[in-house]
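Tertiary structure, described
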Amino acid sequence: MIAIMGASGTTGGALLHSLTALGVPSRALTRDPDRLRTHLGDAARPLVDVLPADAADTDSLRAAFKGARQLFLAMANGPAQVEFETRAIDAAADAGVEHIVKISAPAAEPNSPVAVSRGHHAVEEHLRASGLAHTVLRPYAFMQNLLLLGPAVAAQGVVLGAMRDAPCNWVDCRDIGDVAAAVLTRPELVGGTYALTGSEAVGYGDLAETLTHLLGRRVRYVDLAPHELRDSLIQRAQLPSWLAEHVVEIQQLAVSRTESPTETVARVLGRAPRTLDAFLREHLARFR
Ligand SMILES: NC(=O)c1ccc[n+]([C@@H]2O[C@H](COP(=O)([O-])OP(=O)(O)OC[C@H]3O[C@@H](n4cnc5c(N)ncnc54)[C@H](OP(=O)(O)O)[C@@H]3O)[C@@H](O)[C@H]2O)c1
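It should be emphasised that the depicted structure is a prediction, and the values quoted were computed from it without experimental measurement.

Quick notes on the rules
- Residues numbered from 1 in each chain as written.
- Predicted model: local features only at pLDDT ≥ 70, side-chain atom pairs only at ≥ 80, totals over all residues.
- Heavy atoms only, no water.
- Disulfide = S-S within 2.5 Å.
- Phe/Tyr/Trp six-rings, centres within 6.5 Å; stacked < 30°, edge-to-face > 60°.
- Helix = DSSP H or I, 4+ residues; strand = E, 2+ residues; numbered from the N terminus.
- Buried < 20%, exposed > 50% of the residue type's maximum accessible area, 1.4 Å probe, protein only.
- Arc of directions from axis to C-beta.
- Contact = heavy atoms within 4.5 Å.
- Pairing = 2+ DSSP bridges.
- Axes fitted to C-alpha atoms, helices over the stretch in contact; angles between N-to-C directions.

Within the structure shown, the criterion is met by zero disulfides. Of all cysteine sulfurs, the one in Cys173 lies closest to Cys168, which takes part in no disulfide; the gap is 13 Å.

Here is the structure:
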């Protein structure tokens, strides 16, 4: 049995979908089982067991992991993320889980300039020390994040950022779900660290040009200083300060370390990754 932590979230939800498409049963874990059950599609319902689990509560984790051989671990960013993930790893080991697939992030290093990535590094180290078989997925920026730009593009025709003209790797979360499903169902893939990207790195200037072309009206990229972006995210978008800081740090990472695409998605899945162009066309209504 495969247990999925974060099954109601972006990557966990994508994995649930990918496993269902393969006809593989899974156990979806959430703090709110009723809400998740109402969101399951007809295809998923017969294959997916929904169980309660709260990473703040070790007993709930042990109960939720009982009988599972593999665990997919994705956790929302937040101040308690490292504590939650390390507790989940310990509870999984106690419950007899044999293999954990963890969603990590680029630059997961002890001195990373991105605080969230330092946290992911700490969790990766905990995972290595656990003695369990483990596979680490390090996706770059989710294409799904771009939907947050929709309102500003629609209302003002602007993309706001602080990434200058740096290229940025975008990956469609559905490809992350497909890679995770492959790792969980193909033993030869277990044990690696996989950096996941789309097929091209695209900066905000080029993104604005693509949106201009697709929407048939001008979309401009407005490049802000990092502190201006942080203030705008806190004051206008009402993000908590730690999240605004995270967005700024991620964008500065793209500036300080040139990003180029990896071949990983194609190598694992035997097909090209989903493209940014296709993603934008599919979700164009969100930018109108
Ligand atoms: N966004 C990006 O571009 C990007 C890029 C690279 C890496 N990442 C990494 O990807 C990871 C996963 O992101 P995601 O977007 O899939 O996450 P998400 O959708 O924000 O959240 C995943 C899940 O975390 C669960 N959760 C939160 N607190 C919990 C708790 N106390 N106990 C149990 N579950 C809890 C929630 O489930 P319930 O509410 O149902 O309990 C939620 O569905 C993050 O750690 C992030 O650092 C993100």
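Another point: the packing of aromatic side chains. If you walk through the whole model with that rule in mind, you get two aromatic pairs. On the basis of an interplanar angle of 25° and a centroid distance of 6.2 Å, the ring pair of Trp170 and Tyr204 is categorised as stacked. Residue Trp170 is located in strand S9 (residues 170-171), and its partner Tyr204 is located in helix H8 (residues 204-215); the two are separated by 34 residues in the primary sequence. Residue classification places Tyr204 among the buried residues on the basis of a relative accessible area of 6%. For the pair Tyr204 and Tyr221, a centre-to-centre distance of 5.3 Å together with 65° between the ring planes defines the contact as edge-to-face. In this pair, Tyr204 is assigned in helix H8 and Tyr221 in strand S11 (residues 220-223), connecting sequence segments 17 residues apart. An identical accessibility class is assigned to Tyr204 and Tyr221; each is buried. Among the aromatic residues, those joined into a cluster by ring pairs are Trp170, Tyr204 and Tyr221.

To continue, consider helix H9 (residues 226-235). Within the sequence span of H9, burial applies to Leu229, Ser232 and Leu233. The buried residues of H9 occupy an angular sector of 100° when the element is viewed end-on, so they sit on one face. The secondary structure elements touched by the buried residues of H9 are strand S8 (158-161) and helix H10 (241-256).

The subject of this paragraph is the sheet that holds strand S2 (residues 26-30). In spatial order, the strands read S3-S2-S1-S4-S5-S6-S10; together these seven strands make up an open sheet with parallel pairing. Of all strands in the sheet, those with a lone pairing partner are strand S3 (48-52) and strand S10 (193-196), marking the two edges. Averaged over all pairs of adjacent strands, the angle between their axes in this sheet comes to 20°, without regard to strand direction. Taken together, the four bridges between strand S1 (residues 2-5) and strand S4 (residues 70-73) define a ladder with parallel strand orientation. Looking at the pairing, Ala3 lines up with Leu71 of S4. Packed onto the sheet, helix H3 (residues 58-65) meets S1, S2, S3 and S4 and runs at close to 165° relative to S2. Packing of helix H4 (residues 81-95) onto the sheet brings it into contact with S1, S4 and strand S5 (99-103), and relative to S4 it is tilted by some 175°.

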